[in-house]
Amino acid sequence: MRSAIVTFLIFTSFAVHAQEADCEDKTIEEMRPVMEVAAAAQEETVCPNPKKLRGMCMLIDSQDKDPNPQGHFVYKYQRKFLEAACVDVKKDSEEVIAQKISKVWKENENTLICNNTKFDVGNGNIIKFAVNLKFDSFITDMTYWKVNLNKVDETDGRTVLDYVRDQVERNKGLASEPVLRGYYNQLKKAGAKHKSEL
Amino acid sequence: MKIKILISLLLISTSSFSNEIDCDQEDNLSKLANGITYPNCNIPANIIDFKNHRKNLLCNSCKPSFEMIHGSKIVENKNHLQEEFFNSAFKEYKKNLSNNLLNVLKTRSIPSTNSDLNKSISSCRMKTQNDFANGCSSASAKKLLQNSEFFANISRELANDAAIFVASDANFSPKPTILSRSKQLCHIPEKDVILFSSATYEESISPEMIEYFKKLDPKKYSSMFDILNSDDFVETFGDPSDLKVSLGNHPLLSPHTNSPSDFINFMKKVPAPSATKDLRALLYSKPNGDNFDKVMAESCDKSFKALKESLCSNEFENGQLFIDPTENFAKFEISNKLPIEDALASSESLIDNNIKLLELCENQNGNGKKNLTEINKAIGSSVQEDQKKMPLELFQTAKHNAEIGTLTSSLCEMTEKNCIQGTLTCSIYRKYQAFKTPGSPSKPSEFANKGVNELLRVMIGDSPKIEPDTRRILIAEGILPKEDGKLVEKPQFPDSPQEFFAKVPAQKINPLPGKSGSNPASNQTARAQSTSNNYSNNSVSNNSTPSAPAGNMDDISDLVRGSTEDIKDIQDEIKRRLGNLPQSKPATIEDAKKIARDTFKNKGRKITPYQEQALADRMLQPAVPNSVSASTPNTANPNSPSVSDTESQSEKWRNGLKDKALMGMQGAQQVLANDASTGRGPASVGDKPKDLTKVALNIAEDPKVKLSDIFANKIDQNDPETQLLKVLLKSKNNFLLQIKDMNFKVVFDGNNFNVLLESGDRAEAERMRPQLEIFLKRLKT
């Protein structure tokens, strides 16, 4: 058994190191042409540029992929956020990217709302819209970028976490229930609160 | 075994921490960006380029862990591969079936196109086990089919779905169904939700928008998204999310949204649109019904053909199958048995499932093999892109929610108070309310549509397993035959679509008293107008004392990019050019545009048409705010709500505009800019020219009659005021027009005219403006 453990540890170590090397080489190589385009475009960009956030609801609804993905940013909405926050994916660390995006988010929070027949909250927070559409990637990004998760929408008087809790209730017994529970835990872990906790 | 599991879990945990440190992440997530949960490998979701590293992460990292637990090497298993492939392909087929069924059910809820639906009736009939087995050369596939209950159940599920859809009974909810319905706070028949929403979707595509689409060059756009998300479109019509839903969810519109050229060509078929009825005439025409039939038949044929060809192939028989475990994981049978979050190896059955998944790690080379991802795309060709990646179970809920469930929830919870004017949901709500009033027209869904019923009958098939209640409803609706083989005859829908919808209030169905907010049903029209006529509130005048425009050019940084110095340079140049205009002749919008163009050209810069328009508008704004009447428009109307209510509504609308303006929407910018120049009042009363002819147009609005019809009646009646208007319009003389308590000034600019609000309620004027302009244009011609 001991030898098995040792073998396993060695194996794991190799795997992790191999992965690390892969991460750096491939990411830089793949992102280079995109970053060049992004850098050129940035010269003409007002910074931060809230105009880039326009049409965001449609991008969340369509979940369209970016034809020129920037590294692991594969969705069009990610590109819009990166551009709005004037992120340089080549230079900025993950932490800086998160800071820049959460700042743009904060400044434009009132515009990041959606009205849609697929969405049961009028002028509702775009994160709620993404929850409704089960757009995992968007929710993960928002938690990772540490944007404000605790806005209370005027129209329904609920935070994102309140909304997800209600959706769980409404979807009990359906395939979407565990997915929604997953969002609830993920958001809570990222600091989302109920209105009553604010 | 238990000890073995515990030790392994400990080790896996160590492995996770290694990952964490290496990747410098403070928080690991077991759930990846694409929603896939991986067996006991806490992978940082956002920093890994997952697609390129999946083999490392899943197979190289996780597999050894489970081989440890398993006690031997995990290798590919042909039977397991075939089984997963088979089940996944059939689930995708089921998705396509439910998608088609819902589309047909939708067409049953709206007026008929009178198409005979012959192609669909022959292509979309419910398939049987024999249809699959006949000519199928794969013994493995046939064996798997024999062991599954696929065809035995599906007919029953489709029948239940159809019965719920057409039934009016809130308590009727048979199981199983393909579409999963979440709990609702109230009952609104699904067919009615579709009727109200389809009618509203049609209205959301304004004549101006159709004209816009008609002028587009399809070669410039690679997708519908490109059209709707273009700067030009968004700046003209606002956020396109709602419109996208309109196009995608309408059964007779969506077949035309597959490509920009399909869509633009379809829009070109709407001749000189002046109202929604022109679009409806095309939508509900027989050729369009025949097109629906063609698209539906192709979807049915393609889906079954792709399913059969892939599963009956030699590659399937030999196990030459390529399943990408990272792309398809969520669709696998085993994925249902895996927990969502932690403790992924906490029991032997879970370990078993994980091992089954890891067996697929050997299957990483797709050369010469049947690729499940590609085959699923062909089988589910009609399924929406964002729903393609979903496992069937999630799709069933998501599909229903997206097209019916969420809207039903909204309608259940909505009141006039939280009905946000200008949104589709609010318009649908008002339409729904209007149908509840006595004397409202009967709904199309209450009548028979023989062709659609026949199509539904063949799609559902006739399984002996269908529940008695389901059968009873389908018989009563004329979908399934009675015991004697005859169909129940229901009355045919009596009106043409245009006649029917003419009875349905399209705008301001249950208006808030007073005149606050924007027009609910034609908000996009209003937005379009606010841009296309966005110089209508400025001070261009052919009658006031001639003078060069003072312009409002002190800050154009919101319209022009560049350094502060560059912008100031451009501002100064424009001011200089404005100052050079002859004093004897008033500046026109074309003069202003030319100045903008020339200034930019002189500076070696390019200008977009929208910048040109916006700068010209700005030039023609008064430099100093006009004298402002402080009175609120509502004080004149005894039926108005309290001033504070109206102000609050108006404030909300204006705040929305501010947001939109911030996002770069010019229409909103213009309204706000005009507000600024007029002191933020609803309308300014400037220096009124005293020598203009004034026409008072008497229109009595009835909530049950559309504004467009009211104007159309005026034309038909040809009363003295209408005749006078014709004379004024044809002679191109500027004049004043009074409607209710609003005063407009109609100002000619060459052959074109602009309708400027002189005084009165701006929101009400914006609501009325689109139809008023159409009315005046018709009179002029």
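The residue count restarts for each chain, going from 1 along the sequence in the order it is written. The lettering of chains begins at A and the numbering of ligands begins at 1, in the order of writing. Where local features are concerned, this predicted model is filtered to residues with pLDDT of at least 70; where side-chain atom pairs are given and counted, the filter is 80 or more; whole-chain, interface and lining totals use all residues. Note: side-chain values were computed over all heavy atoms of the structure, leaving out hydrogens and water.

Q: In this structure, what is going on with the overall build of chain B? I would like to understand it.
A: Along chain B, the regular secondary structure elements total 34 helices and six strands. Of all 781 residues assigned to chain B, the portion counted as buried reaches 59%. We call two residues in contact when some of their heavy atoms are within 4.5 Å. Taking all contacts inside chain B whose residues are at least 6 apart in sequence as the whole, residues at least 24 apart take part in 73%. The way it works is that DSSP assigns letters per residue, a run of H or I at least four long becomes a helix, a run of E at least two long becomes a strand, and they are numbered from the N terminus. Think of it in three bands: residues with accessible area under 20% of the maximum for their type are buried, residues over 50% are exposed, and the middle band is partly exposed, with areas taken using a 1.4 Å probe on protein chains only.

Q: For this particular structure, what's the right way to read the packing of helix H15 (residues 286-311) of chain B against helix H19 (residues 372-379) of chain B?
A: Between two packed helices, the angle of one axis relative to the other and the distance separating the axes together describe the packing. All names here are of chain B. Here an angle of 0 to 180 degrees is reported between the N-to-C directions of two axes, which are lines fitted to C-alpha atoms, with helices fitted over the stretch in contact. Relative orientation of the contacting elements H15 and H19 amounts to 150°, with a least axis distance of 7 Å. One finds that H15 runs roughly antiparallel with respect to H19. Taking contact as the criterion, the partners of Lys302, Ser303, Ala306, Leu307 and Ser310 in H15 are, on H19, Ile375, Ala378 and Ile379. Three residue categories are used. Nonpolar comprises Ala, Val, Leu, Ile, Met, Phe, Trp, Tyr, Cys and Pro, charged comprises Asp, Glu, Lys and Arg, and polar comprises the others, including Gly. A class-by-class count of the residues in the contact of H15 with H19 yields five nonpolar, two polar and one charged. Oblique is the label for any angle not under 35 degrees, not over 145, and not in the 65 to 115 range, which are roughly parallel, roughly antiparallel and roughly perpendicular in turn.

Q: What exactly am I supposed to notice about the side chain of B:Ser463 here?
A: Residues and elements named next belong to chain B. Within the element layout of this structure, Ser463 appears in the loop between helix H23 (450-460) and helix H24 (468-476). Judged by its relative accessible area of 8%, Ser463 is buried. Excluding anything up to four places from it in sequence, Ser463 contacts Ala152, Ser155, Arg156 and Arg471.

Q: Before we go on, may I ask you to explain the nonpolar core in this structure?
A: Burial of nonpolar side chains together is a common tendency in soluble globular proteins. Judged by nonpolar contacts, the single largest core of 165 residues is most densely connected at A:Phe81, A:Phe138, B:Phe132 and B:Phe213. Among the elements that line this core, the one with the most residues is helix H3 (residues 78-108) of chain B, at 11 residues. Among all residues touching B:Phe213, those that are not within four sequence positions of it are B:Ile227, B:Leu228, B:Phe233, B:Leu243, B:Phe263, B:Ile264 and B:Met267. In this structure, B:Val695, B:Phe711, B:Leu728 and B:Ile739 belong to the second largest nonpolar core, which totals 26 residues. To qualify as a nonpolar core, a set must consist of buried Ala, Val, Leu, Ile, Met, Phe, Trp, Tyr and Cys residues joined through side-chain atoms within 4.5 Å.

Q: Could you clarify how one ought to interpret H19(B) in this entry?
A: Three- or four-residue spacings in an α-helix give side chains the same orientation, since the helix completes a turn every 3.6 residues. All names here are of chain B. Among all positions in H19, only Leu372, Thr373, Ile375, Asn376 and Ile379 are buried. With its buried residues spanning 165° around the axis, H19 presents them on a single face. Among the residues of H19, the N-terminal cap falls to Asn371, whose side-chain oxygen and the backbone nitrogen of Thr373 are separated by 2.9 Å. Each direction from the helix axis to a C-beta atom contributes to the arc, which is the arc of those directions. For the purposes of these results, a polar contact is taken to be a pair of N or O atoms within 3.5 Å, where, inside protein, one atom must be able to donate a hydrogen and its partner to accept one; residues adjacent in sequence count only when each atom of the pair is a side-chain atom.

Q: Just to check I follow, could you spell out the sheet that holds strand E4 (residues 735-739) of chain B for this structure?
A: Two pairing modes exist for strands in a sheet, parallel and antiparallel, and in both the strands are linked by backbone hydrogen bonds. All names here are of chain B. Any two strands with at least two DSSP-identified bridges between them are counted as paired. With mixed pairing, four strands are arranged side by side in an open sheet as E3-E4-E5-E6. Bordering the open sheet on either side are strand E3 (693-697) and strand E6 (752-759), each of which pairs with just one other strand. Going across the sheet, the axis of each strand differs from the next one's by a mean of 25°, ignoring polarity. Taken together, the five bridges between E3 and E4 define a ladder with parallel strand orientation. Of the residues in E4, the one forming a bridge with Thr693 is Phe735. This element, helix H33 (residues 720-730), spans E3, E4, strand E5 (742-749) and E6 of the sheet and lies at about 140° to E3.

Q: Before we go on, may I ask you to explain the environment of B:Ser708 in this structure?
A: All names here are of chain B. Inspection of the secondary structure puts Ser708 in helix H32 (residues 707-717). Among the residues examined, Ser708 registers a relative accessible area of 15% and is labelled buried. A C-alpha to C-alpha distance of 8.3 Å links Ser708 and Leu772, two positions 64 residues apart in sequence.

Q: Sorry, what's going on with the confidence of the model for chain A here?
A: Regions with low pLDDT carry predicted coordinates that are not meant to be interpreted in detail. Each residue gets a pLDDT score, which is the predictor's confidence in that residue and runs from 0 to 100. Confidence in the prediction of chain A, expressed as mean pLDDT, is 80, and 77% of residues score 70 or more. Between residues 1-26 of chain A, whose pLDDT stays under 50, and residues either more than four places distant or in other chains, the model counts 33 contacts.

Q: Can you help me understand the packing of aromatic side chains in this one?
A: For any pair of aromatic rings, the description consists of the separation of the ring centres together with the inter-plane angle of the planes. Residues and elements named next belong to chain B. Here a Phe, Tyr or Trp ring, Trp counted by its six-membered ring, pairs with any other such ring whose centre lies within 6.5 Å, and the pair is stacked when the planes are under 30 degrees apart, edge-to-face when over 60, and tilted otherwise. If you walk through the whole model with that rule in mind, you get 26 aromatic pairs over all chains. Between Phe711 and Phe775, the ring centres sit 4.7 Å apart and the planes meet at 25°, which makes this aromatic pair stacked. One end of the pair, Phe711, is in helix H32; the other, Phe775, is in helix H34 (residues 762-780), with 64 residues separating them in the sequence. Judged on exposure class, the residue Phe711 and its partner Phe775 are both buried. Taking NZ or CZ as reference, Lys127 lies 5.3 Å from the ring centre of Phe304, over its face. In this analysis the charged atom, NZ for Lys or CZ for Arg, is taken to sit over a ring once it is within 6 Å of the ring centre and within 35 degrees of the ring normal.

Q: Which parts of the structure should I look at to understand the pattern of salt bridges?
A: Side-chain pairs of opposite charge can arise where the charged atoms are in close proximity. We define a salt bridge as a contact between a side-chain nitrogen of Lys or Arg and a carboxyl oxygen of Asp or Glu at a distance within 4 Å. Taken as a whole and assessed by the stated rule, the structure comprises 39 salt bridges over all chains. The shortest N-O distance in the salt bridge between A:Asp162 and A:Arg165 comes to 3.6 Å. Of the two residues, A:Asp162 and A:Arg165 both sit in helix H7 (residues 160-170), three residues apart, roughly one turn of that helix. Taking the relative accessible area as the measure of exposure, A:Arg165 reaches 39% and is therefore partly exposed. Between B:Arg280 and B:Glu202 there is a salt bridge, and its shortest N-O distance comes to 2.5 Å. Remark: B:Glu202 occurs in helix H8 (residues 190-204) and B:Arg280 occurs in helix H14 (residues 276-283); sequence separation between them is 78 residues. According to the relative accessible area criterion, B:Arg280 is buried, its value standing at 1%.

Q: Can you help me understand the state of the cysteines in this one?
A: Among covalent bonds in proteins, the disulfide is the one between the sulfur atoms of two cysteines. Here, the term disulfide refers to a pair of cysteine sulfur atoms separated by no more than 2.5 Å. Under the counting rule described, the total for this entry stands at five disulfides over all chains. Each disulfide pairs two cysteine sulfurs, and for A:Cys57 the partner residue is A:Cys114, the sulfurs being separated by 2.1 Å. Negative torsions about the S-S bond denote left-handed disulfides, and the value of about -90° found for A:Cys57 with A:Cys114 makes this one left-handed. Residue A:Cys57 is found in helix H2 (residues 56-62), and its partner A:Cys114 is found in strand E3 (residues 113-114); the two are separated by 57 residues along the sequence. Residue A:Cys57 is classed as buried on the basis of its relative accessible area, which comes to 4%. For B:Cys124, the disulfide goes to B:Cys300, at an S-S distance of 2.0 Å. Here B:Cys124 and B:Cys300 share a disulfide; its torsion about the S-S bond, 95°, makes the bridge right-handed.

Q: Looking at this structure, I do not really get helix H12 (residues 241-249) of chain B. What am I missing?
A: Burial analysis of H12(B) places seven of its nine residues in the buried class, the great majority of the element. Within the sequence span of H12(B), burial applies to B:Ser241, B:Asp242, B:Leu243, B:Val245, B:Ser246, B:Leu247 and B:Asn249.

Q: I tried to follow the confidence of the model for chain B on my own but got confused; where do I start?
A: Residue and element names in this part refer to chain B. Here chain B shows a mean pLDDT of 72. Residues at 70 or above account for 66%. Below pLDDT 50 for its whole length, residues 334-344 participates in 29 contacts with residues either more than four positions away or in separate chains. Within the model, pLDDT remains below 50 along residues 622-690, and this stretch shows 123 contacts once partners closer than five positions in the same chain are excluded. For this predicted complex, the interface confidence reaches an ipTM of 0.75, while the overall pTM sits at 0.64.

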